[in-house]
Amino acid sequence: MNLIGLGKLGCEVATALKQHPQYKVYQIGIGLQGLKKDGYFNFPEFKKPEDYEAKCPSVKNFLKSVSGDTVLIVSGAELISAASLRIIETIKAKAKVSILYYKEDASPLDKTRKYMDKIAFSVFQEYARSGACNRAYLVSQKALSSLIGDVPVLEFRMKTISTLASMFHMINVLQRDEPVYHNYSDPLEVARIATLGV
């Protein structure tokens, strides 16, 4: 499975999942250190969110080996999330794309980031409903923080990233394992919006 981390949070989750051999990780972010051949794409920084889509550099060559099951990991509160559609358009012909969307707590965000998060939340759901992507996994920071419990402020982000990565990995493993016994039916074709739970 291919994982594309977009932005700071997306890259952190993808990095946490890199330890598992079943994932091929690609990271697209601002200020990334590393070579493209090693899965790092340094994205230019822009002041306005609309520039991330309008001036999105080509990632076609960077993502040329991406095919099959692919998950784009992104937080809508990051301005770079505006480049999501361009990235999905680049790979959708050869990849079955899903989105792992992290919905930030809106209270500490500035006006622009709140607006971006609200738009991204709606757009990613529409991607899933329209079939532009296979599935959208929506994860709320509030719900995840209640699962994590009390942790020191300095460890909160690290614990959030590791919990999100662990949940995603375990669900992925369990979906691919053959159960000894089950009584569930296949999801409907139109059931494309999901969340992660424990």
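So, a few notes on the structure that sits alongside this text. All values reported here derive from a predicted model rather than from experimental measurement.

Quick notes on the rules
Residues numbered from 1 in each chain as written. Predicted model: local features only at pLDDT ≥ 70, side-chain atom pairs only at ≥ 80, totals over all residues. Heavy atoms only, no water. Helix = DSSP H or I, 4+ residues; strand = E, 2+ residues; numbered from the N terminus. Rg over C-alpha atoms; globule rule 2.2 N^0.38 Å. Buried < 20%, exposed > 50% of the residue type's maximum accessible area, 1.4 Å probe, protein only. Areas by Shrake-Rupley, 256 points an atom, 1.4 Å probe, with all protein chains shown as cover. Lys, Arg positive; Asp, Glu negative; His and termini not counted. Charge placed at Lys NZ, Arg CZ, Asp CG, Glu CD. Pairing = 2+ DSSP bridges. Contact = heavy atoms within 4.5 Å. Axes fitted to C-alpha atoms, helices over the stretch in contact; angles between N-to-C directions. Right-handed = clockwise from strand over helix to strand, strands pointing away. Polar contact = N/O pair within 3.5 Å; in protein donor to acceptor, adjacent residues only side chain to side chain. Arc of directions from axis to C-beta.

Moving on, we come to the overall build of the protein. Counting its secondary structure elements, the protein contains six helices and seven strands. Counting from the amino terminus, the protein carries its helices and strands in the arrangement β-α-β-β-α-β-α-β-α-β-α-α-β. Its C-alpha atoms give the protein a radius of gyration of 16 Å, within 12% of the compact-globule value 16 Å for 198 residues. Reported as C-alpha extents along the three principal axes, the dimensions of the protein are approximately 50 × 40 × 30 Å. Burial statistics for the protein: of 198 residues in total, 43% are counted as buried. Total accessible area on the protein is roughly 11,300 Å²; 54% of this is exposed by carbon and sulfur atoms. Here the protein contributes 26 positively and 20 negatively charged side chains, and the mean placements of these two sets differ by 5 Å.

In space, the seven strands of this open sheet follow the order β3-β2-β1-β4-β5-β6-β7, with parallel pairing throughout. With partners counted over all chains shown, the strands left at the sheet margins are β3 (40–42) and β7 (193–194), one partner each. For strand β2 (residues 24–29) and β3, the ladder comprises three bridges, and the chain directions are parallel. Within the sheet, the bridge partner assigned to Ile28 lies in β3 and is Phe41. Across the sheet, helix α4 (residues 111–130) touches β4 (68–75), β5 (95–103), β6 (135–140) and β7, and the angle it forms with β5 is around 150°. Along the sheet, helix α6 (residues 153–176) contacts β1 (2–6), β4, β5 and β6; its crossing angle with β5, the most-contacted strand, is approximately 145°.

Another aspect to go through is the pairing of β2. Looking along a regular strand, one sees side chains alternate from face to face of the sheet. Counting buried positions along β2 gives five out of six residues, so the element sits mostly inside the fold. As paired elements, β1 and β2 share five bridges and run parallel to each other. By the bridge assignment for β2, Gly5 is matched with Gln27. The handedness of the β1 to β2 crossover, carried by helix α1 (residues 7–17), is right-handed.

Before going further, it helps to examine the environment of Glu78. Turning to its location among the elements, Glu78 is positioned in the loop between β4 and α3 (84–91). Along the sequence, Glu78 and Arg113 sit 35 residues apart, while their C-alpha atoms lie 6.7 Å from each other. A polar atom in the side chain of Glu78 sits 3.0 Å from the backbone nitrogen of Leu9.

Let's shift gears to helix α5 (residues 141–148). Every buried residue of α5 is accounted for by Gln141, Leu144 and Ile148. Down the axis of α5, the smallest arc covering the buried residues is 65°, so these residues share one side. Opposite its buried face, α5 presents the exposed residues Lys142 and Ser146, each directed more than 90 degrees away. For α5, the side-chain oxygen to backbone nitrogen distance between the N-cap and Lys142 is 3.2 Å, and the N-cap itself is Ser140. Just downstream of α5 lies Gly149, where phi reads positive at about 85°.

The element β4 is largely enclosed, with a buried count of six among its eight residues. The sheet contact formed by β1 and β4 spans four bridges and is parallel. What sits directly across from Leu3, in β4, is Val71. In this structure, β4 lies alongside β5, joined through eight bridges in parallel fashion. The partner of Thr70 across the bridge, within β5, is Val97. Handedness of the crossover joining β4 and β5 through α3 is recorded here as right-handed.

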